Amino acid sequence: MSRSSRKENLFDVLIIGAGFAGIYMLKKCHEMGLRARILEAAPDVGGTWFWNRYPGARCDVESLEYSYSFSDELQREWVWPERYSAQKDIQRYIRHVAEKFSLLDDIQFNTRVVEAHYKEDQRQWHIKCHDGASFIGTFCIMATGCLSSTHMPDIAGIEGFSGSFYHTGQWPESEPDFSGMRVGVIGTGSSAVQLIPIIARQCRHLYVFQRTANFVVPAHNRQLDPDVEAAHKANYPERRRQSRQTPFCIGGHPAPAHYAHEASAEERNLMYEKKWQTGGAISYLYSYKELLVDPEANETAGSFVRQKIRSIVRDPRTAEDLCPNDHYIGTKRLCLGDDYYETYNRDNVTLVNIRTSPIRQVTSNGIVTDDDDYQLDAMILATGFDAMTGSLFAIDIRGRGSAALREKWRYGPLTYLGLMTAGFPNLFFVAGSGSPSVKTNMVCAIEQHVEWISGCIQHMMANRLAEISCSEDAERKWTDHVAEVGNATLYPTAKSWYSGDNIPGKSRVFTPYVGGLDVYRKKCDDVASSGYTGFRFIGSEDRRLREGFFEVSE
Ligand code: NAP
């Protein structure tokens, strides 16, 4: 332990958030002998997996891949019940990790950070929480998640609804019962796609208010076959190594070998049918090499799904309304669902097209559209998140000269490698804008970032360096590069939360780095091994820092 533990609220590292990122960061801090504390708004670990406990919540990356790889003992001992893990199993897993590695004592729950200010003269971050508690840390690590700040739509009258009211991203622990109720769901993204089939089976009538139709491919979730699990675990480290060599850090999906435009229509249909039967979003988009860069090729994959919708959904008008027609498949998050389209064949389910008949207002007992009046006992908002930056902007983050991050990023995030932003020393972001983050296996992205940050801190300890920041030049070049790589794909053509389109007034910037986690990892490693090119360090010649690496003033 470093010598900074003299005062209760003084830490070497303050970590905001106890999801996958914060938990692993804390473990690394323990390994490095640093005094660290996680500040977490929720009453438990889990991050986005704590809050998103709506019925049907489930990961769309397979369980054996969507898990930590840092401990072989952990990955061998943990038993995942299903191919795609339910929220409750992921939550149980994160809790298990926190207990196994004795992390809970260093997590302060029910503590929402509202302010993080860098004091240049002390080279420390001063953190304030909602209840007035304050903390000081040499480093501040934002492990705040990309999908943590819920988006409440501004619909006239919504606050006056007198029935039960929920948001998928803030679901209560009480497991509400919808039996006998008329329920309205607003939104048809990934959360709604998972929730709708389950609520439809419980309630009297379900009205789905859809503004934009999304592509949904089957998950084919099932119990995890013990033989499959045993075979995977027998060779786990090698499988992880192979996954890390892929852009999405997910094994078992070899990169496509062929181009769609070289295949005949019949061959393409056979390929898409095979992928449809296998299940999985990455598998489907990995049918052909150019699906995410070539509009014509993409259209072959999109029109296959439209044909499926028309063949599954019996009412032709509902089927047409469910057919996406305003974006290329995969450019918005490709939804995974089981029984999604089939659910619209139920007598107690009505799709309401609010693109053609917009919501005028919410009344105390329902929703009024241009064409009709829907009486509801319960309303569920599946309206998503102020993604990527929302949870950062919820905190008043100020760097050198009291510059506000919200101001600096007003026209979009500016980062170097997604890890730091100029003018905010000793502040790291984990798996957010400017890095592969949501466009790869998030747990892999987190592990890579946490390990890089830990390596950097170790480098600073070894060399008695007190402060790190990135240069504006490196930041500008990297941000341009992220945009250039994104613009070479079809991703930015879609109106999506990846680009901030879902939040009124938010600057439109496609922020994830889509060059692949494999390529990105190498870039980060090269930067570190070349002496941290693009970063600038200040030594600990300061009197207060001479005694020990993170010695802090009192
Ligand atoms: P989302 O994809 O952003 O979907 C939000 C939905 O709400 C959209 O259909 C949107 O319509 C609609 N909406 C928003 N504001 C509205 C308004 N004012 N009026 C009417 N409709 C409105 O959010 P999400 O479904 O919560 O998913 C977010 C992300 O979380 C996913 O993309 C995924 O990355 C992650 N997620 C993953 C899983 C999984 O692993 N399986 C599950 C759930 C979520 P428009 O499209 O017209 O804006």
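The structure presented is a predicted model; accordingly, all values stated were derived computationally and were not measured.

Participant: Help me understand the overall build of the chain, please; the structure alone is not making it clear to me.
Facilitator: When helices and strands are counted, the chain shows 18 helices and 20 strands. On C-alpha atoms alone, the chain measures out to a radius of gyration of 24 Å, which is about the 24 Å that the 2.2 N^0.38 rule sets for 554 residues. Along the longest, intermediate and shortest principal axes, the C-alpha atoms of the chain span 75 × 55 × 45 Å. Looking at the chain residue by residue over its 554 residues, the buried ones come to 59%. Taken as a whole, the chain presents about 22,600 Å² of accessible surface, with 48% of it coming from carbon and sulfur. Of note, the chain has its 62 positive side-chain charges centred 3 Å away from the centre of its 70 negative side-chain charges.

Participant: Looking at this structure, how should I read the state of the cysteines?
Facilitator: Two cysteines, two sulfur atoms, one covalent bond between them: this is a disulfide. In the structure shown here, the tally under the stated rule is 1 disulfide. Across a sulfur-sulfur distance of 2.3 Å, cysteine 249 and cysteine 444 are joined as a disulfide pair. On the S-S bond that ties cysteine 249 to cysteine 444, the torsion sits near -70°, and the link is left-handed. Taken as a pair, cysteine 249 in the loop between helix H7 (236-244) and helix H8 (265-278) and cysteine 444 in helix H15 (residues 442-462) lie far apart in primary sequence, 195 residues in all.

Participant: Would you mind going over the side chain of glutamate 447 with me for this structure?
Facilitator: As for its position among the elements, glutamate 447 is in helix H15. Although glutamate 447 lies buried, it forms no salt bridge, and the closest oppositely charged side chain, arginine 244, sits 4.6 Å away as judged by the N-O distance. One polar contact links glutamate 447 to serine 69, side chain to side chain, over a distance of 2.6 Å. Discounting residues that sit within four places of it in the chain, glutamate 447 has contacts with Tyr24, Tyr68, Ser69 and Phe70.

Participant: Looking at this structure, how should I read the domain arrangement of the chain?
Facilitator: When the parts come together, some accessible area is lost, and that loss is often what is quoted as the size of the interface. The domains assigned to the chain are domain 1 (10-149 + 387-550) and domain 2 (158-381). The C-alpha centroid of domain 2 is placed 28 Å from the C-alpha centroid of domain 1. The partner domain 2 presents 52 residues to the 45 residues of domain 1 that form the contact. Three residues, Leu64, Arg83 and Leu490, lead the burial of domain 1 against domain 2; their summed loss comes to 19% of the area buried on that side. For the pair domain 1 and domain 2, the number of links is 29 residue pairs in polar contact (both at pLDDT 80 or more).

Participant: It is not clear to me how the site of the ligand should be interpreted in this structure. Could you clarify?
Facilitator: Among the 25 residues in the neighbourhood of the ligand, the closest are listed as Thr188, Ser191, Arg211, Thr212 and Trp497. Here an oxygen atom of the ligand sits 2.6 Å away from a polar atom, N or O, in the side chain of serine 191. Note that an oxygen atom of the ligand is positioned 3.1 Å from one of the side-chain N or O atoms of lysine 332. For the ligand, whose accessible area on its own is 910 Å², the fraction buried by protein is 88%. At 3 residues, the largest contribution of residues to the shell around the ligand is made by helix H5 (residues 190-202). Formed jointly, the shell around the ligand draws a minimum of three residues from each of two domains, domain 1 (10-149 + 387-550) and domain 2 (158-381).

Participant: So what exactly am I meant to see when it comes to the pairing of strand S14 (residues 366-369) here?
Facilitator: The side chains of a regular strand alternate, residue by residue, between the two faces of the sheet. Both faces of S14 are covered, namely the face carrying Gly366 and Val368 and the face carrying Ile367 and Thr369. In terms of strand pairing, S14 meets strand S15 (residues 373-375) through 3 bridges, oriented antiparallel. Within S15, the residue paired with glycine 366 across the bridge is glutamine 375. What sits between the antiparallel neighbours S14 and S15 is a turn of 3 residues.

Participant: Honestly, the environment of arginine 240 in this entry has me stumped. Any pointers?
Facilitator: Looking at the secondary structure, you find arginine 240 in helix H7. Using a relative accessible area of 5% as the deciding quantity, one classes arginine 240 as buried. Put simply, arginine 240 and phenylalanine 70 are 170 residues apart on the chain and 9.9 Å apart in space, counted from C-alpha to C-alpha. A polar atom in the side chain of arginine 240 sits 3.0 Å from the side chain of serine 67.

Participant: Hey, could you run me through unusual backbone geometry in this one?
Facilitator: Leaving glycine aside, a negative phi is the common case for residues, and trans is the common case for peptide bonds. Unusually for a residue other than glycine, histidine 220 sits at a positive phi of about 55°. Note on placement: histidine 220 falls in the loop between strand S10 (216-218) and helix H6 (226-234). We classify histidine 220 as partly exposed; its relative accessible area is 25%. At serine 437, a position not held by glycine, the phi torsion is positive, near 35°. By relative accessible area, serine 437 is classed as buried at 0%.

Participant: What exactly am I supposed to notice about the pairing of strand S12 (residues 349-353) here?
Facilitator: Taking burial as the measure, the 5 residues of S12 include 4 buried ones, the bulk of the element. Here strand S9 (residues 205-210) pairs with S12 via 5 bridges, running parallel. Opposite glutamine 210, over in S12, you have asparagine 353 as the bridge partner.

Participant: Looking at this structure, how should I read the sheet that holds strand S8 (residues 182-186)?
Facilitator: Where strands meet in a sheet, backbone hydrogen bonds hold them as pairs that are either parallel or antiparallel. The strand order across the open sheet built from 5 strands is S7-S16-S8-S9-S12, with neighbouring strands paired in parallel fashion. For this open sheet the edge positions go to strand S7 (164-167) and S12, each flanked by a neighbour on one side alone. Between one strand axis and the next, the sheet turns by 15° as a mean value, whatever way the strands run. Where S8 lies against S9, 5 bridges are found, and the strand directions are parallel. Note that in S9 the partner of isoleucine 186 across the bridge is phenylalanine 209.

Rules behind the numbers
- Residues numbered from 1 in each chain as written.
- Predicted model: local features only at pLDDT ≥ 70, side-chain atom pairs only at ≥ 80, totals over all residues.
- Heavy atoms only, no water.
- Helix = DSSP H or I, 4+ residues; strand = E, 2+ residues; numbered from the N terminus.
- Rg over C-alpha atoms; globule rule 2.2 N^0.38 Å.
- Buried < 20%, exposed > 50% of the residue type's maximum accessible area, 1.4 Å probe, protein only.
- Areas by Shrake-Rupley, 256 points an atom, 1.4 Å probe, with all protein chains shown as cover.
- Lys, Arg positive; Asp, Glu negative; His and termini not counted.
- Charge placed at Lys NZ, Arg CZ, Asp CG, Glu CD.
- Disulfide = S-S within 2.5 Å.
- Salt bridge = Lys/Arg side-chain N within 4 Å of Asp/Glu carboxyl O.
- Polar contact = N/O pair within 3.5 Å; in protein donor to acceptor, adjacent residues only side chain to side chain.
- Contact = heavy atoms within 4.5 Å.
- Domains from an automatic or database assignment.
- Buried area = accessible area lost by both parts, 1.4 Å probe.
- Near = heavy atom within 4 Å.
- Pairing = 2+ DSSP bridges.
- Axes fitted to C-alpha atoms, helices over the stretch in contact; angles between N-to-C directions.

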